[in-house]
Amino acid sequence: MAVTLVMSPQILLADFVPLNGAAVTSNIAEIRVSDDGVQVNLEVFVRDIPVFEALVPERWYKDETSTLPALAERIKDFAQNGLSIRGTDGVPLNVIANLVEPRTRIDRASPLAGQRDPVSGQVVPAPPNDKRVLYAELFYSFGDARPEQITITPPMDENGRLRASIGMIVYDRDVPVIDFRYLSDQETLNIDWSDPWYTSFENSTLKRHYRFPIQTFLYATPYEIRHEALVRVRDAAEIIGAPIAGRTLTAAERKEIETRLPSVLNERSPMTVEGEKVVPFFDRLSFMRIGQRGLNFLGDDVEILTDADFVGLIYSHPANGYAQEATVEWTAFPNRVTNVPGSATDAAGPFLTELTPQDTVLTWINHFKTYEPAVIAPVAFGKERTVDVPLLTIVLITFTIGAAAILSRRRSVPVAQRIGVVGILVVVTGVSTQFGWITVLNPVAGVPDDPAATRITGHLIENFHKGLQAKIPQRLDDALNVSISEESFQDVKQELTRALLVEMQGGGVGTIDGIRDLVVTNTAAASGGNGFMATVNWSATASGNHWGHPHQKNIRFSALMDVAPIDGSWKLTGMTVTTAQPET
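About the thresholds
Residues numbered from 1 in each chain as written. Predicted model: local features only at pLDDT ≥ 70, side-chain atom pairs only at ≥ 80, totals over all residues. Heavy atoms only, no water. Core = buried A, V, L, I, M, F, W, Y, C linked by side-chain atoms within 4.5 Å. Buried < 20%, exposed > 50% of the residue type's maximum accessible area, 1.4 Å probe, protein only. Helix = DSSP H or I, 4+ residues; strand = E, 2+ residues; numbered from the N terminus. Contact = heavy atoms within 4.5 Å. Arc of directions from axis to C-beta. pLDDT = per-residue confidence, 0-100. 1 Å grid on protein atoms, 1.4 Å probe; cavity = no way out; pocket = protein on both sides within 12 Å on 5 of 7 lines; lining within 4 Å. Points joined across faces, edges and corners; volume = space filled by probe spheres on them. Salt bridge = Lys/Arg side-chain N within 4 Å of Asp/Glu carboxyl O.

*Asks:* Before we go on, may I ask you to explain the nonpolar core in this structure?
*Replies:* Soluble globular proteins: nonpolar side chains tend toward being buried together. Membership of the largest hydrophobic core comes to 45 residues, with the highest contact counts inside it found for V40, L42 and Y140. For this core, the secondary-structure elements that each account for two or more residues are β1 (27-33), β2 (37-45), α1 (71-81), β4 (95-104), β5 (132-141), β6 (149-153) and β7 (166-172). Tallying contributions element by element places β2 first for this core, with five residues. Not counting residues within four places of it along the chain, the set of residues in contact with Y140 comprises D36, G37, V38, V40, F78, L83, I85, L93, N94 and V95. If you look at the next biggest cluster of nonpolar residues, it comprises 39 residues, including A236, A237, V328 and A344.

*Asks:* Hey, could you run me through α1 in this one?
*Replies:* Residues lying three or four places apart along an α-helix face the same way, a consequence of the helix completing one turn every 3.6 residues. Every buried residue belonging to α1 is among R74, I75, F78 and A79, and all of these are buried. In an axial view of α1, the angular spread of the buried residues amounts to 145 degrees, which keeps them on one side of the axis. With respect to the buried face of α1, the exposed residues turned more than 90 degrees away are A72, E73 and K76. Among the structural elements, β3 (84-86), β4 and β5 are those in contact with the buried residues of α1.

*Asks:* What should I look at first to understand the confidence of the model for the protein in this one?
*Replies:* Atom-level detail of predicted coordinates should not be read off regions where pLDDT is low. Chain-level pLDDT for the protein is 85 on average; 88% of the residues reach the 70-or-more range. For residues 1-18, every residue scores under 50 in pLDDT, and the model assigns this stretch 55 contacts once sequence neighbours within four places are set aside.

*Asks:* I'm lost on the layout of surface pockets in this one. Help?
*Replies:* Empty space among the atoms becomes visible once a probe the size of a water molecule is rolled across them. If you add up the space inside the second largest pocket, you get close to 700 Å³. Lining the second largest pocket are 33 residues; nearest its centre among them are T221, P222, Y223, Q469 and T511. Only β12 (214-220), β13 (224-232), β20 (340-346), α6 (450-467), β26 (511-525) and β27 (532-546) provide two or more residues apiece to the lining of the second largest pocket. At four residues, the largest contribution of residues to the lining of the second largest pocket is made by β27.

*Asks:* Even after reading the chapter, I still don't get the pattern of salt bridges, so can you show me in this structure?
*Replies:* Side-chain pairs of opposite charge can arise where the charged atoms are in close proximity. Within the structure shown, the criterion is met by 23 salt bridges. We note a salt bridge from E43 to R108, for which the minimum N-O separation is 3.2 Å. Of the two residues, E43 sits in strand β2 while R108 sits in the loop between β4 and β5, which places them 65 residues apart along the sequence. For the pair E43 and R108, one class covers both residues: buried. Across the pair K493 and D477 runs a salt bridge, and its minimum N-O distance is 2.7 Å. Here K493 is found in helix α8 (residues 489-499), whereas its partner D477 is found in helix α7 (residues 473-481), with 16 residues between them in sequence. Residues joined in a network through salt bridges with shared partners are D195, R232, R234, D235 and D307.

*Asks:* When you look at unusual backbone geometry in this model, what are you seeing that I'm missing?
*Replies:* One can expect most non-glycine residues to show negative phi and most peptide bonds to be in trans. A positive phi angle, close to 55 degrees, is found at R173, a residue other than glycine. On the secondary structure map, R173 appears in the loop between β7 and β8 (175-176). One non-glycine residue, E274, lies in positive phi territory at about 55 degrees. Mapped onto the elements of the fold, E274 is located in the loop between β14 (271-273) and β15 (276-278).

Encoded structure:
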């Protein structure tokens, strides 16, 4: 029997970056357990349609359909021998095909698809070139009783061999049970009807990345000691003793968590630095959801899922250089939470541990033998503002002329001696041109040329990025004072903190270690004639660690800068950052 498919040009986009290939294999099944059954959204690769032929509507067949089994009979067979889902009793669940239509495959491919992964060295899998799929929405009903487990079986032949490759992602109600994995054999899912977080496959290799309802992180940098926590919403409510009514938070329940959790968790996870108890500053609270790329932030208008979503909290204590030791004691263990993964992270990487009610202390110890703080130096004048003067040569020339004049009047001194003395002075004067130079301000210096303006503005921008990392207010002011005029300090500081602090995914401010691709244009004399103004463009990479994951962000900046010579160095007198755009 021949099947003709008419495909529309519809393209759907998804945000999953696959690395194991399951999300871009030929056939995809998105499976979701609900209270009354299992919803399966199935994408069948066009070449694998014969394996799923039972789903094809009769109207798609060119040939006579008089010999074709009725749709109900074909669907019943599909429930047993196609994509089969069975309850605890082993009986296949009845299937209803609510929608079957031609579509274009959802794009789940990595941007590196087909290329070699820079970390693993493996070629990143890519989806089939042919994007046509048969899309089906299937519902497997539980009937009158919810099973304690279900068994999912892909299409097999009579010898038990897999007939088609299927990548699957599974949810129990709102909670992702696994990330994308291959369905290559029958797999049994044990359902926890009281809390879907604890629903799991018997096959231990089928699991999600975010397996723990609570995680805690201790970060040490030269500028701060930071404590971060990820707590599932249901567990956060239990920690503060707030009852939750349903599967989503009401506005009042959300407000109570936002208001009470920061202080309660701060009390139940005390911090010490250098053996002394400190009370860290509460930085922020965010609601997050597990997505196919990681954690996604949820806005104020998004419903918060009690069982699936997280609350992320950040606490910070400022530091002046690396401490020697810091600890966090985690004492919040809600019902069913018996262990909390913890990590202590510095520039050398994370040190992982597991906290329990019997072992509650997460410790970071400084193993660095040396630490060199960032150097923020004044931007000294260069050739654009100074001139080198051969002072020794000038003195010798003056002395030689004077000596020659005096000797010319000394008739008592033989001519040969007079000529010899003057000759020696002339030679010494000539040699002195190699020594004795001094640098003085050029009273007629003009606008710096492009190389000089690039050096000056680049040094200033480097200073700003380094200085803005300081968490102690006085340290921040001291760092910025090096490069900003006294009269303009507050205005420029406000502009720098507004525009140059790069907020990272996960919250917090990224660290910028250097700039690149700096271009200076439109250099001109400043109004009043003292200094210069220019348009400056540069790129920087901000990096940061939050909630156990490193993040990087490439930013292209553009700014109008006013620079003047003040107290022996170049300083900023005005700055407007016009753009700060992410680079692709």
